[in-house]
Amino acid sequence: MTTESARPLAIVVLAAGKGTRMKSELPKILHPVLGRTVLGWVLAAVEPLAADRLVVVTGHGADQVEASLPGGTTTARQVTQRGSGDAVAAALPALEGFAGDVLVVNGDGALFTTTTMQAIVDGHRTWQSVASALAIRGDVALPYGRIIRGEDGRIERIVEAKDATPEELAVDELNAGIYCFDADVLRAAVPRLSDDNANGELYITDLLEIAAGDGGRTLGVVAGDADELIGINTRADLAVVEQIARLRILEELMLAGVTISMPHTVLVEPTVTVQPDAVILPRTILRGRTRVDGGAVVGPDSELVDTVVETGATVERSVAREARIGAGATVGPFAFLRPNADLREGSKAGAFVEIKNSLIGAGSKVPHLSYIGDATLGTGVNIGAGNITANYRPELGRGKQRTTIGNDVRTGSDTVLVAPVTLGDGAWTGAGSIVVQDVPAGALAIARARQTNIEGFSERALQQQAKH
Ligand code: UD1
Ligand code: CA
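Residues numbered from 1 in each chain as written. Chains lettered and ligands numbered in written order. Predicted model: local features only at pLDDT ≥ 70, side-chain atom pairs only at ≥ 80, totals over all residues. Heavy atoms only, no water.

Please provide a residue-by-residue account of the overall build of the protein chain, values included.
Scanning the protein chain from terminus to terminus reveals 10 helices and 40 strands. Overall, the C-alpha framework of the protein chain stretches about 110 × 60 × 45 Å when taken along its three principal axes. When burial is assessed residue by residue, the protein chain has 48% of its 468 residues classed as buried. For the protein chain, the computed accessible surface area is about 21800 Å², with 52% contributed by carbon and sulfur atoms. If you average the places of the 43 positive and of the 56 negative side-chain charges in the protein chain, the two averages end up 9 Å apart. (Helix = DSSP H or I, 4+ residues; strand = E, 2+ residues; numbered from the N terminus. Buried < 20%, exposed > 50% of the residue type's maximum accessible area, 1.4 Å probe, protein only. Areas by Shrake-Rupley, 256 points an atom, 1.4 Å probe, with all protein chains shown as cover. Lys, Arg positive; Asp, Glu negative; His and termini not counted. Charge placed at Lys NZ, Arg CZ, Asp CG, Glu CD.)

What follows is the structure, encoded as structure tokens:
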């Protein structure tokens, strides 16, 4: 086995196809599945194989596809889309001088797993095959290529459903779109492909018949599960694939110790980290670089994007983007945390509260109906109901103005803090105040009209009315 695994491996990902059946301006393989492109899923699955060379064949929408790839990825252009066999031909210059095995993978197989790809490489090497294809048993109603084996079990050829006879159509070993070739055999066979088929295209699948005709060993590796068959051709396929990918992620999280209630309503993108003993409640969506630590509870009905939730924090019926929710902090119900909302340990953003670009110090509370933007709050602050930081002052020039609030400040209900403004430690404000000047530490600011009571007013008004 050691000599076999020392054999060099190249990987070619076919990503030049037009994807007509998607009926989209966007190239098919750039459609997102849980925040990652279809091609991104395939590349993530091949990455652990640590190939000596990786080539992505681009064509349709090549500029856009290439821009989506990590820097330094080798690409080869297929100028006209004349079929999957022609796409392999386009990759050959990038494989010049390469000796070893070439794993070729359809770029629209978002559900391919690393394990399955490793299985075909291992099988190919163990059996000293020159050309191998992944065979998955599936429903004969599916429109995939049929793997036709000879009496000795070797692959004789692969026939497309469109080109198949009724007997061939009844074969339930389907071609999943992962192949492994000896590099020299591949180079010799590609120029012999013909487009004599229903689509008038050069088919990668015909390479197996050519290799078998030359007397080489052609292996059908049985691995993977029926889900891996699904190449994305239509939006319906896209939805099915997303559903399966979603459940795979949730299952993995649950096995790792995360509690997920009503998992059929929860969506977690593959880039998210959720630690053991975190609890995810129904109808929760976690996206991007979100991290949820153990002991935190998120949901129900919450969406977090690129947000960190530290241990013991709770987030209920809320939306957060690029926010940090510190240990033991409570958010919601119905809070909206925008970029750079930084809620420190034990703080609170309560009902109908919006916080943006602000630090909420440890233990500070913004419980009800407030907008806090571009503010720094010290520790132990209590913000009254309905407070607003008036941070947008176009007359002061570009950019938002800051509000700085010291420790242990208490603001009355309906305070407007007109930034730039500073409230010293322990300062208070009276209800309904519009604070336009700094408030010294320990002072109470009352900034509203004094109340006037007009005695007997209503009685006089009613008498006046009766006269007319
Ligand atoms: C292909 C297989 C079929 C298999 C199925 C599995 C062929 C001829 N048939 O069918 O046996 O069951 O996948 O999903 O390959 N591509 C290019 N350039 C082209 C044409 C295609 O790069 O000119 C790429 C596509 O981007 C795609 C792959 O090749 O990643 C397969 O092409 P596609 O058109 O999706 O083939 P299927 O009809 O799905
Ligand atoms: Ca396909």
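Once you've had a look at it, read on.
Provide a residue-level description of the pattern of salt bridges, including the pertinent values.
Taken as a whole, this structure holds 24 salt bridges when the rule is applied. Here K28 and D108 are joined by a salt bridge, their closest N and O atoms 2.9 Å apart. With K28 in the loop between β1 (9–15) and β2 (32–33) and D108 in the loop between β6 (101–106) and α5 (114–126), this pair connects stretches of sequence that are 80 residues apart. For K28, a relative accessible area of 10% puts it in the buried group. On the basis of relative accessible area, D108 is assigned to the buried category, the value being 11%. (Salt bridge = Lys/Arg side-chain N within 4 Å of Asp/Glu carboxyl O.)

Describe the environment of A16, listing the residues and the values that go with them.
One can find A16 in the loop between β1 and β2. Taking the C-alpha atoms as reference points, A16 and I29, 13 residues apart in sequence, are found 8.9 Å from one another. If sequence neighbours within four positions are ignored, A16 has contacts with V57, T58, G59, H60, Q78 and Q81. (Contact = heavy atoms within 4.5 Å.)

Give me the lowdown on the packing of aromatic side chains, citing residues and values where you can.
Under the definition given, this model contains 2 aromatic pairs. With centroids separated by 6.3 Å and ring planes inclined at 20°, the aromatic side chains of Y179 and F181 adopt a geometry described as stacked. With respect to class, Y179 is no different from F181; both count as buried. Summarising the aromatic geometry, the rings of F334 and F352 are spaced 5.3 Å apart at their centres and angled 10° between planes, so their arrangement reads as stacked. Of the two residues, F334 sits in the loop between β24 (330–331) and β25 (335–337) while F352 sits in the loop between β27 (348–351) and β28 (353–356), which places them 18 residues apart along the sequence. The class of F352 is exposed, set by a relative accessible area of 53%. (Phe/Tyr/Trp six-rings, centres within 6.5 Å; stacked < 30°, edge-to-face > 60°.)

Can you lay out unusual backbone geometry for me, pointing to particular residues and giving the numbers?
In this structure, the amide linkage connecting G299 to the following residue, P300, adopts the cis form with an omega of 0°. Note the cis peptide between A419 and P420, where omega equals 0°. One non-glycine residue with positive phi stands out, namely D306, at about 45°. Here D306 is to be found in the loop between β19 (303–305) and β20 (308–309). Its identity is not glycine, yet N340 carries a phi of approximately 65°, on the positive side. In this fold, N340 is placed in the loop between β25 and β26 (341–343). Look at N340 and you get partly exposed, because its relative accessible area is 48%.

Would you mind going over the coordination of the calcium ion (ligand 2) in detail, with residue names and values included?
Within the protein, the calcium ion (ligand 2) binds to D108 (OD) and N233 (OD1); these donor distances fall in the range 2.3 to 2.7 Å. On the criterion of sequence distance, the pair formed by D108 in the loop between β6 and α5 and N233 in the loop between β11 (218–222) and α9 (235–255) is long-range, its members being 125 residues apart. Neither D108 nor N233 differs from the other in exposure class; each is buried. (Donors = N, O, S within 2.8 Å, 3.2 Å for Na, K, Ca; no water.)

With reference to specific residues and values, describe the pairing of β27.
As paired elements, β24 and β27 share 2 bridges and run parallel to each other. The residue bridging V331 from the neighbouring strand is A349, located in β27. Judged from the 3 bridges that link them, β27 and strand β30 (residues 365–368) form a sheet pairing that is parallel. Bridging across to β30, A351 finds its partner in H368. (Pairing = 2+ DSSP bridges.)

Requested: an account of the site of ligand 1, with residues and values cited.
Neighbouring ligand 1 are 24 residues; Q78, G83, S84, E160 and N175 lie closest to it. Contact distances for ligand 1 include 2.6 Å between an oxygen atom and a side-chain N or O atom of E160. About the coverage of ligand 1: the protein hides 90% of its 740 Å² of free accessible area. Class assignment of the residues belonging to the shell around ligand 1 gives a composition of 8 nonpolar, 11 polar and 5 charged. (Near = heavy atom within 4 Å. Polar contact = N/O pair within 3.5 Å; in protein donor to acceptor, adjacent residues only side chain to side chain. Nonpolar A, V, L, I, M, F, W, Y, C, P; charged D, E, K, R; others polar.)

So what's going on with the sheet that holds β27? Residues and values would help.
Strand order in the open sheet formed by 7 strands is β12-β15-β18-β21-β24-β27-β30, and the pairing between neighbours is parallel. Two strands lie at the open edges of the sheet, namely β12 (259–260) and β30, each paired on one side alone.

Please give an account of the domain arrangement of the protein chain that cites residues and values.
For the protein chain, the assigned domains read domain 1 (9–229) and domain 2 (257–445). Placing a centre on the C-alpha atoms of domain 1 and another on those of domain 2 gives a separation of 49 Å. Listed per partner, the contact involves 4 residues of domain 1 and 4 residues of domain 2. Surface buried jointly by domain 1 and domain 2 totals about 320 Å² across both partners, of which 70% is contributed by carbon and sulfur atoms. At the junction of domain 1 and domain 2, the tally comes to 0 salt bridges. Linking domain 1 with domain 2 are 0 residue pairs in polar contact (both at pLDDT 80 or more). Split into classes, the residues belonging to the side of domain 1 that touches domain 2 amount to 2 nonpolar, 1 polar and 1 charged. (Domains from an automatic or database assignment. Buried area = accessible area lost by both parts, 1.4 Å probe.)

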